[in-house]
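Coordinate analysis (summary)
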Amino acid sequence: MAPGNFPRAFLFPEIDRNHVKFARYIAAPVIVVVVWLLASHAFGERLVPPPGRVVVELTDMAGTAQLWRHLSLTVFRGTAGLALATLMAIVIGVPCGLLPRVMHALSPLVTAVQVCPPIIWISLLLVWVGLGTAVPILVVVVAVFPVLFLSIAHAVMSLNRELFEMASIYHVPPKRVLTGIIIPGVAQHALGAFSFALGITWKVTATAEFFGAESGVGARLYWAYRNLDMSRLFAWAIVLVIIGMALEMGLIHPLRDSLQPASAEPSDA
Amino acid sequence: MKTAIPIACCLTALAVVGAWVALKEGGSQAPLPSTNGNAPPALVFYTNPGATTPQLPFWAAKAAGHLDDIFTIEVRTWKNVVDLQGALLAGKGDLWLGHLEGFARARRMGAPVRILAVSGWRKMNIVSTDPAIRSLEDLAGTVLPYAPVGSPGVPVLEFLLGTRKDDIQLRPHEPKQLALLMLQGKARSALLPEPLVTTLLRKVDGLRVVENLEELYGRQTGGLPRMPLAGFAVNDAFLARHPARVSQLLACLTAAAGALAISPDAAAAAMPEMFTPFVSRDIVRESLTRDVILVEPASKVAEEIRQFLALVAPDALAEEEPGGARQLPPGLLVP
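Definitions and cut-offs
Residues numbered from 1 in each chain as written. Chains lettered and ligands numbered in written order. Predicted model: local features only at pLDDT ≥ 70, side-chain atom pairs only at ≥ 80, totals over all residues. Heavy atoms only, no water. Helix = DSSP H or I, 4+ residues; strand = E, 2+ residues; numbered from the N terminus. Buried < 20%, exposed > 50% of the residue type's maximum accessible area, 1.4 Å probe, protein only. Contact = heavy atoms within 4.5 Å. Patch = residues over 30% accessible without salt bridge, like charges linked within 9 Å, V, L, I, M, F, W, Y side chains within 5 Å. Areas by Shrake-Rupley, 256 points an atom, 1.4 Å probe, with all protein chains shown as cover. Salt bridge = Lys/Arg side-chain N within 4 Å of Asp/Glu carboxyl O. Polar contact = N/O pair within 3.5 Å; in protein donor to acceptor, adjacent residues only side chain to side chain. Expected span 1.5 Å × (residues − 1). Arc of directions from axis to C-beta. Bend = angle between axes of the 7 residues up to and from the residue. Axes fitted to C-alpha atoms, helices over the stretch in contact; angles between N-to-C directions. Parallel < 35°, antiparallel > 145°, perpendicular 65-115°, else oblique. Left-handed = near helix turned anticlockwise from the far one by under 90°. Nonpolar A, V, L, I, M, F, W, Y, C, P; charged D, E, K, R; others polar.

**Some remarks on the overall build of chain B**
The secondary structure content of chain B amounts to 13 helices and eleven strands. By residue count, 53% of the 335 residues in chain B fall in the buried class. Counting only contacts in chain B whose residues sit at least 6 apart along the sequence, the fraction spanning at least 24 positions is 77%.

**Digging into unusual backbone geometry**
The residue after alanine 147 of chain B, namely proline 148 of chain B, is reached through a cis peptide bond having omega -5°. Mapped onto the elements of the fold, proline 148 of chain B is located in the loop between strand S6 (143-146) and helix H5 (153-161). Of note, the bond from glutamate 194 of chain B into proline 195 of chain B is cis; its omega dihedral lies within 30 degrees of zero at 0°. Mapped onto the elements of the fold, proline 195 of chain B is located in the loop between strand S8 (189-193) and helix H7 (196-203). Positive phi, close to 55°, is recorded for histidine 171 of chain A, a residue that is not glycine.

**Concerning a nonpolar patch on the surface**
Residue and element names in this part refer to chain A. Residues Ile119, Ile120, Leu124, Val127, Trp128 and Phe211 make up a contiguous nonpolar surface patch of roughly 520 Å² in combined accessible area. Here the nonpolar patch takes five residues from helix H6 (residues 118-128), the largest share from any one element. Mapped onto the elements, phenylalanine 211 comes out in helix H9 (residues 174-212).

**A look at the interface of chain A and chain B**
Of the residues lining the interface, 40 residues belong to chain A; the matching set on chain B comes to 39 residues. The tally of links between chain A and chain B comes to zero salt bridges. Inspection of the chain A/chain B interface yields one residue pair in polar contact (both at pLDDT 80 or more). Mapped by element, the contributors of at least two residues to the side of chain A that touches chain B are helix H4 (65-98), H6, H9, helix H10 (217-226) and helix H11 (230-259) of chain A.

**What about helix H10 (residues 243-261) of chain B?**
Residue and element names in this part refer to chain B. In this model H10 runs 27 Å from its N-terminal to its C-terminal C-alpha over 19 residues, within 8% of the 27 Å that 1.5 Å per residue would give. Considered for burial, the residues of H10 that qualify are Val246, Leu249, Leu250, Cys252, Leu253, Ala256, Ala257 and Leu260. Taken around the axis of H10, the buried residues stretch over an arc of 160°, which confines them to a single face. Facing away from the buried side of H10, by more than 90 degrees, are the exposed residues Ala244 and Ala255.

**Side note on helix H7 (residues 134-157) of chain A**
All names here are of chain A. With 24 residues, H7 should cover 34 Å at 1.5 Å per step; its first-to-last C-alpha distance of 33 Å lies within 8% of that length. A bend of about 35° at valine 144 is the largest found in H7, and the proline proline 146 appears one to four places after it. Burial runs high along H7: 19 of the 24 residues are buried.

**Here we look at the pattern of salt bridges**
Note on pairing: side chains with opposite charge can pair once their charged atoms come close. Enumeration over the complete set of coordinates arrives at 16 salt bridges over all chains. One salt bridge in this structure joins glutamate 45 of chain A and arginine 53 of chain A, with 2.6 Å as the shortest N-O distance. A residue is classified by how much of its surface remains accessible, and glutamate 45 of chain A, at 44% relative accessible area, is partly exposed. We note a salt bridge from glutamate 209 of chain A to arginine 77 of chain A, for which the minimum N-O separation is 2.7 Å. Of this pair, glutamate 209 of chain A sits in helix H9 while arginine 77 of chain A is found in helix H4, placing the two residues 132 residues apart along the sequence. Because the salt bridges share partners, they merge into one network encompassing Arg107, Arg114 and Asp236 of chain B.

**Examining the packing of H7 of chain A against H9 of chain A**
Residue and element names in this part refer to chain A. Contact geometry of H7 with H9 gives a least axis separation of 8 Å together with a crossing angle of 160°. Taken together, H7 and H9 sit at an angle that is classed as roughly antiparallel. When you trace H7 past H9, the crossing you get is right-handed. Grouping the amino acids of the contact of H7 with H9 by side-chain chemistry returns 21 nonpolar, five polar and one charged.

Read these as geometric descriptors, not functional statements.
What follows is the structure, encoded as C-alpha cells:
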C-alpha cells in the first residue's frame, strides 16, 4: 500500500475504484442540494423555494413549447453573435496581422471596446435599435470580437516573415499562402481564443436578453424576477446553468484539451 | 472530443430552430388572430402586462371585434420604462401604451410619438398598517418606500407636500420587491399603484388606504380628482398613413371605455388571457372600485396634460417663453 493511500484504505477498505469515481460525480450535486435545503429553511420558502418545488416547475416547463422556444432563441442569438464576431475577426484580423502598423493603430480602439462592460452596449443598443433580437446578438459581437481579433492578428504577426518572402519570390498564389501558411499557423491560437469566446458568449447572451429582449431565457429570468416568482426564477437559472455546463464540459474542455501538446500530458495517466 | 460532437449537434439544432422562431415571430408574440377575413393594415401595439385599467378599453374593443375592420393587431410587450423609451426613440411600433411623461420626454428627444388618448387617471395610493398614520402629515420624519422606480407619484407627492417635502424620505423599489417587504412586515407604509394596492389589501392584515394621491391633487389644484397618468400614443408615420383609421380606433376606445365604466365585471373579463399570470381578473375587478375607466382624446384634455407634465416632467415641456408658462412640445398631441 502506498503511503498516500493509507487514510482512505484504512477507513473504507471495502470501497473499490468504481465507488470512488461514483462518489466524485455525486458529491457536488449532493453538496448543492444540502446547501439549497439549508438556505430554504433559513430564508423561508418564499425567498428560496425548496429543490422539490423547483424540479416540479422545471418539469412543467419542459412539457411546454415555451421552454424550447425561449431556449432555442437564446442559443440562436449566442451562436449568431459568435459566428458574426468570428467572421469579423478573421476578415479584419488577418490583414491587420500582416500590416503591423495598421495593427498598432487599431489596438487602442479594440482595447477600448474590450474594456467596455456589456451594460454600456445594452443601454446604447436599446436606444438605437430598441428591444429585440438585435440587442443580444450585437452585444455578443462586441463582447467577443476583441478577444478573437487580437488573438488572430497577433498569431498572424508572429508567423515567420521569411515564409511570406519565399512565397513572394516563388510567386505562390495568395490562396495557397492562406491555406498553406496563415491558416495552419493561426489555427491553434484562434481555437484557443474561440474556446474562451464560447465560454463568455452564453453569459453575455443571457445578460443582454435580461435587459434588452422580450424573449429568450434571459428575458424569462427577468419576468420571473419582476413577478418574484422564485420557483420559476430558480428553474430558468437551472436551465442556464445546465446549458452553460454542457458547453463548458462538452465543448470547451475537449476543445482546449485538443490544443494541448501531447508532451504536456502526464506520463503516468 | 467524443462528447463534443453530440453537444455541438444539439446546439446547432436548437440554433436552427431559434433562427426560425426569430424570423417567424420577430422575437415577439404572434399576431392576434383577426375575426375578419379582410386584411386591414397591420398595427404593432407595444404594451405592458402590469398596466391594467389604461388598456382595458383596447382589449374590450378588440374582444368585441370592433378593431378587426380597422387594423390587424400584433402585440408586443415592453418590460420596463427603459425598454419603452428605447422602442419610442427607435420608432419601433405603431401604437404604444405608457406614461404620458415618457411620451413627452421621447417627443422632446425627437421620437416620432404623438399622444392619442389618455386612459389612466387614478392609481396612486398611500397605504399603511401603522395606526398612527392617518394622513399625509403623519408621514413626516418617516421613510416612505414607493414602487415602481420612476413613479410619477413621487413628483406629485413632492408637489403636494410643498416645502415639507424633505420631511419624508422616499425610497424606490420594484413593485414585487416592495410587496414582499410589506408581506413580511418590513415596510408598514408605502406609495403604490393599482392593482398592487388591491393585491396587498387582500394579503396584508391591517393594511388600509391612507390617502389617494389623485384626490389630494384635485383638492390642491381645484380641479377634478384625477391625473392624466397614462394613455395611448401613436407613431407619427403611422398616423400620416392612416389618419382616418386612427380616428376610428380612438372612437372605438372611447366607446369601449364608456361601456366598461358601468360594468366592472365586463372590464375584468376584457383583459386578455396572456396578462392573467401578472394580475388576476378578481384583482382587476376589485381595483376598479378605486379606479376609473375613461378614455379622453388627448387634444380634449390638453391643458390638464400640460399642468400635469409641468409638475412631473418639466424637462419634457417646451422652453419657457419670457414671462410665460412652459408649453407642450409642438406636435405632442394628435389634433
